[in-house]
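Observations on chain architecture
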Amino acid sequence: MNIERCIDDLLIRGVDDWVHTPEVEWVAKSTGGASTPDQILDLSLHLIREVVQQNLMEIGDVTESDRGFRKWGLSKEEAMQRVEREWKALGRNPNLGEICWLCNTEKGNERGERLLRQRKPCG
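For clarity, every value in this text was computed on a predicted model and none was experimentally measured.

**Some points on the pattern of salt bridges**
Taken as a whole and assessed by the stated rule, the structure comprises 11 salt bridges. Between Arg111 and Glu4 there is a salt bridge, and its shortest N-O distance comes to 2.7 Å. Taken together, the residues span a long stretch of sequence, with Arg111 in helix α5 (residues 106-119) and Glu4 in helix α1 (residues 3-16) at a distance of 107 residues. Sharing partners across several salt bridges, the network here consists of Glu4, Asp8 and Arg111.

**Here's the deal with the environment of Thr36**
When you line up the elements, Thr36 lands in the loop between α2 (21-30) and α3 (37-53). Considering only alpha carbons, one finds Thr36 and Gln81, 45 residues apart in sequence, at a separation of 22 Å.

**Here's the deal with the nonpolar core**
One finds Ile48, Ile59 and Val83 to be the most contacted residues of the largest nonpolar core, which totals 28 residues. Residue assignment for this core shows that the elements contributing at least two residues are α1, α2, α3, β2 (57-63) and α4 (76-90). The dominant element in this core, judged by the number of residues it contributes, is α3, at 8 residues. Setting aside residues up to four positions removed in sequence, Val83 forms contacts with Leu45, Ile48, Ile59, Trp72, Ile99 and Cys100.

**Observations concerning the packing of α2 against α3**
Interaxial distance between α2 and α3 falls to 9 Å at its minimum, and their mutual angle equals 115 degrees. Our classification of the angle between α2 and α3 gives roughly perpendicular. Viewed along their axes, α2 and α3 form a crossing whose handedness is right-handed. Contact residues: Val24, Glu25, Val27, Ala28 and Lys29 in α2; Ile40, Leu43, Ser44, Leu47 and Ile48 in α3.

**Notes on the pairing of strand β4 (residues 101-104)**
A two-sided burial pattern is seen for β4, the buried positions comprising Trp101 and Cys103 on one face and Leu102 and Asn104 on the other. Relative to β4, strand β1 (residues 19-20) runs antiparallel, the two being bridged by 2 bridges. The partner of Val19 across the bridge, within β4, is Leu102. Of the pairings in the sheet, the one linking β2 to β4 comprises 4 bridges and is antiparallel in character. Note on β4: the bridge partner recorded for Gly60 is Trp101.

**Regarding the sheet that holds β2**
The antiparallel open sheet is built from 4 strands, whose spatial order is β1-β4-β2-β3. At either end of the open sheet lies a strand with only one pairing partner, and these are β1 and β3 (68-71). Its contacts with the sheet put α1 on β1, β2 and β4, and the angle it makes with β4 is roughly 80 degrees.

Cut-offs applied
Residues numbered from 1 in each chain as written. Predicted model: local features only at pLDDT ≥ 70, side-chain atom pairs only at ≥ 80, totals over all residues. Heavy atoms only, no water. Salt bridge = Lys/Arg side-chain N within 4 Å of Asp/Glu carboxyl O. Helix = DSSP H or I, 4+ residues; strand = E, 2+ residues; numbered from the N terminus. Core = buried A, V, L, I, M, F, W, Y, C linked by side-chain atoms within 4.5 Å. Buried < 20%, exposed > 50% of the residue type's maximum accessible area, 1.4 Å probe, protein only. Contact = heavy atoms within 4.5 Å. Axes fitted to C-alpha atoms, helices over the stretch in contact; angles between N-to-C directions. Parallel < 35°, antiparallel > 145°, perpendicular 65-115°, else oblique. Left-handed = near helix turned anticlockwise from the far one by under 90°. Pairing = 2+ DSSP bridges.

All we've got here are geometric facts, nothing functional implied.
Right, here's the structure in full:
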């Protein structure tokens, strides 16, 4: 398993749109190789923690009333505790709109855009 490849995958996804928890789960399985429910949960939480701690993404909600992304008014640690608590309380992997969304920071967008340029053939 390569954590950096998983993070890169999340950042690329975050360049054009917000990333929801089912996408994190998908990256944990498809890129990270997690296969059991416990592995998927552990790797998903690890990935979210990494992108938040590295200031690559922020945790929040997508709302119609705000017409976009609204960062949670919590510290990074409080936000991670909330994500973990809510994910475990579900007792299953999350569906669209459940738990949280992730939004690239400027630093995350720069890295994601650089990765996209490296993947696209010239000409």
